[in-house]
Amino acid sequence: MKLSIVVPCYNEEAVIGRFDEQLRTVLGDLAVDYELCYVDDGSFDGTLPRLRALAHQHRATTRYLSFSRNFGKEPAMLAGLKAATGDAVIIMDADLQHPPELIERMLDLYQLGHDQVIAKRSRDGDRRLRTALSRLYYRAVNTWVDVELVDGAGDFRLLSRKAVDALISLPEYNRFSKGLFSWIGFETVTFDYRNAARKAGETKWRFGSLINYGIDGMISFNCRPLRAAIYTGLSLASLATLYTFWVIGSAVAGGVTAPGYVTLVAIIVGLGGLQMVMLGLIGEYIGRIYYETKRRPHFLVKESDGALPTAAPAHAPTPSGNAAVGSRTG
């Protein structure tokens, strides 16, 4: 069999050499043909020159492509999956938080007939607050979404060719891979591993990025928040009706009294805030529809050492002349 390793990279100059060395050491001990597919997500450090050097040094087993700008990890993974030619594909980060030593175990489980082999990390070393918030988030989101999201189960996984073909056939522009992995199904197995620390460089995940990622997970696979908005509106209308009858009854029984100023202001501010939240929620869904209707490619490739992956969404025609994926090849 042939194994493809897809590695999205963004400013990984400090660690990419060590990662490549350790990965090749592990793969060299396995009885498997392999290829490494590096995807440079618009890095502005020395990542791209290092990938060129690796591709030149290991021509038979290394491929790379570089985006015209930073498009994000989701498009980088999609590009890597489209470029991979193996019977099975493993997605890994270049920061060595995904230990290459686990590949052998993944292959053993794959040989047993599993289409997805997921390495689920522990949260050892994470801050307590982040761990608590993460667990709370997954408990909340799994009550909303139509697929199951597992805490600790990320992008580090092996996918069979059948699973890869299913993923790249999905046409949406707004991709939330953790949900897509769960959505496609197939035979899946999970095993735990101890969380590893980043070996060099800085994490690309900031607090704001995590919040946005959480929102994507919440609304990418269901419309229940919109249904909740309807229920909330009906509940508030019912409370307002009951309050109106209570005010009328009080006026008939005891005369007209002036309502409390603080209560009135609190109700106005509270309802105004709720309306803004609901408008923002509706705007998120409309914004996603807006991006989908543009039918833009997920990424643009400025440089590659081989055949370029198709960048256009599956439902859109590919522009002639590879214009959608750039014009320079190495």
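An unreviewed UniProt entry annotates the chain as Glycosyl transferase originating from Streptomyces albospinus. Per UniProt, the comment on the chain under Sequence similarities (unreviewed entry) is "Belongs to the glycosyltransferase 2 family."

Caption draft 1: Local environment of the overall build of the chain. Each helix and strand in the chain was counted, giving 10 helices and eight strands. With 330 residues in all, the chain has 42% of them scored as buried. A fraction of 79% describes how many contacts in the chain between residues 6 or more apart in sequence connect residues 24 or more apart.

Caption draft 2: Structural context of helix α7 (residues 177-184). Of all the eight residues making up α7, six are buried; the element is thus mostly covered by neighbouring parts of the structure. Every buried residue of α7 is accounted for by S177, K178, G179, L180, F181 and I184. Among the residues trailing α7, G185 stands out with phi positive, at a value near 75 degrees.

Caption draft 3: Focus on the side chain of D41. The residue D41 is located in the loop between β2 (33-40) and α2 (47-57) in this model. Here D41 occupies a buried position and makes no salt bridge, while the nearest side chain of opposite charge, R69, is found at 7.1 Å. Among the polar contacts listed, one links the side chain of D41 to the backbone nitrogen of F71, at a separation of 2.8 Å. Residues contacting D41, with those up to four places away along its chain left out, are C9, Y10, F67, R69, N70, F71, G72, K73 and A76.

Caption draft 4: Structural view of the packing of helix α3 (residues 73-83) against helix α6 (residues 161-168). Following both chains from N to C, one finds α3 and α6 inclined at 130 degrees, their axes separated by 10 Å at the closest point. On the basis of their axis angle, the class for α3 and α6 is oblique. Relative to α6, the crossing made by α3 is left-handed. Side by side, α3 and α6 meet where L78, L81 and K82 of the first sit next to V164, L167 and I168 of the second. Of the residues assigned to the contact of α3 with α6, the class counts are five nonpolar, no polar and one charged.

Caption draft 5: Examining the sheet that holds strand β8 (residues 301-304) more closely. With mixed pairing, eight strands are arranged side by side in an open sheet as β7-β5-β6-β4-β1-β2-β3-β8. Whereas interior strands pair on both sides, the edge strands pair on one side only; in this sheet they are β7 (188-193) and β8. Taken pair by pair, the neighbouring strands of this sheet meet at an average axis angle of 20 degrees, ignoring direction. Summarising the sheet, strand β5 (residues 116-121) and strand β6 (residues 153-160) pair through four bridges and their orientation is antiparallel. Bridge pairing in β6 links K120 to A153. Relative to the sheet, α6 contacts β4 (88-91) and β6, its axis offset from that of β6 by approximately 115 degrees. On the sheet, α7 packs against β4, β5 and β6 and is oriented at approximately 40 degrees with respect to β6.

Caption draft 6: Local environment of the pairing of strand β1 (residues 2-9). Counting buried positions over the eight residues of β1 gives seven, a clear majority of the element. Bridging between β1 and β2 involves eight bridges; their strand directions are parallel. Its bridge partner being in β2, V6 is matched across the sheet by C37. Handedness of the β-α-β unit built from β1, helix α1 (residues 16-28) and β2 comes out right-handed. In this structure, β1 lies alongside β4, joined through four bridges in parallel fashion. Within β4, the residue paired with L3 across the bridge is A88.

Caption draft 7: Quick peek at unusual backbone geometry. The phi angle at N11 is positive, at roughly 55 degrees, despite the residue not being glycine. One can find N11 in the loop between β1 and α1. Even without a glycine there, the phi angle at F186 is positive, about 70 degrees. Examined against the element boundaries, F186 turns out to sit in the loop between α7 and β7.

Caption draft 8: Region of interest: helix α4 (residues 103-111). Among the residues of α4, those classed as buried are I103, M106, L107, L109 and Y110. Along the long axis of α4, the arc covered by the buried residues comes to 165 degrees, so they all point the same way. Following α4 by one or two positions, G113 adopts a phi angle in the positive range, close to 110 degrees.

Caption draft 9: Up close: the pattern of salt bridges. In the structure shown here, the tally under the stated rule is nine salt bridges. Between D155 and K73 there is a salt bridge, with its nearest N and O atoms 2.8 Å apart. Remark: K73 occurs in helix α3 and D155 occurs in strand β6; sequence separation between them is 82 residues. Take D155: its relative accessible area is 12%, and that puts it in the buried class.

Calculation rules
- Residues numbered from 1 in each chain as written.
- Predicted model: local features only at pLDDT ≥ 70, side-chain atom pairs only at ≥ 80, totals over all residues.
- Heavy atoms only, no water.
- UniProt positions renumbered as here; feature names shortened; annotations may be inferred.
- Helix = DSSP H or I, 4+ residues; strand = E, 2+ residues; numbered from the N terminus.
- Buried < 20%, exposed > 50% of the residue type's maximum accessible area, 1.4 Å probe, protein only.
- Contact = heavy atoms within 4.5 Å.
- Lys, Arg positive; Asp, Glu negative; His and termini not counted.
- Salt bridge = Lys/Arg side-chain N within 4 Å of Asp/Glu carboxyl O.
- Polar contact = N/O pair within 3.5 Å; in protein donor to acceptor, adjacent residues only side chain to side chain.
- Axes fitted to C-alpha atoms, helices over the stretch in contact; angles between N-to-C directions.
- Parallel < 35°, antiparallel > 145°, perpendicular 65-115°, else oblique.
- Left-handed = near helix turned anticlockwise from the far one by under 90°.
- Nonpolar A, V, L, I, M, F, W, Y, C, P; charged D, E, K, R; others polar.
- Pairing = 2+ DSSP bridges.
- Right-handed = clockwise from strand over helix to strand, strands pointing away.
- Arc of directions from axis to C-beta.

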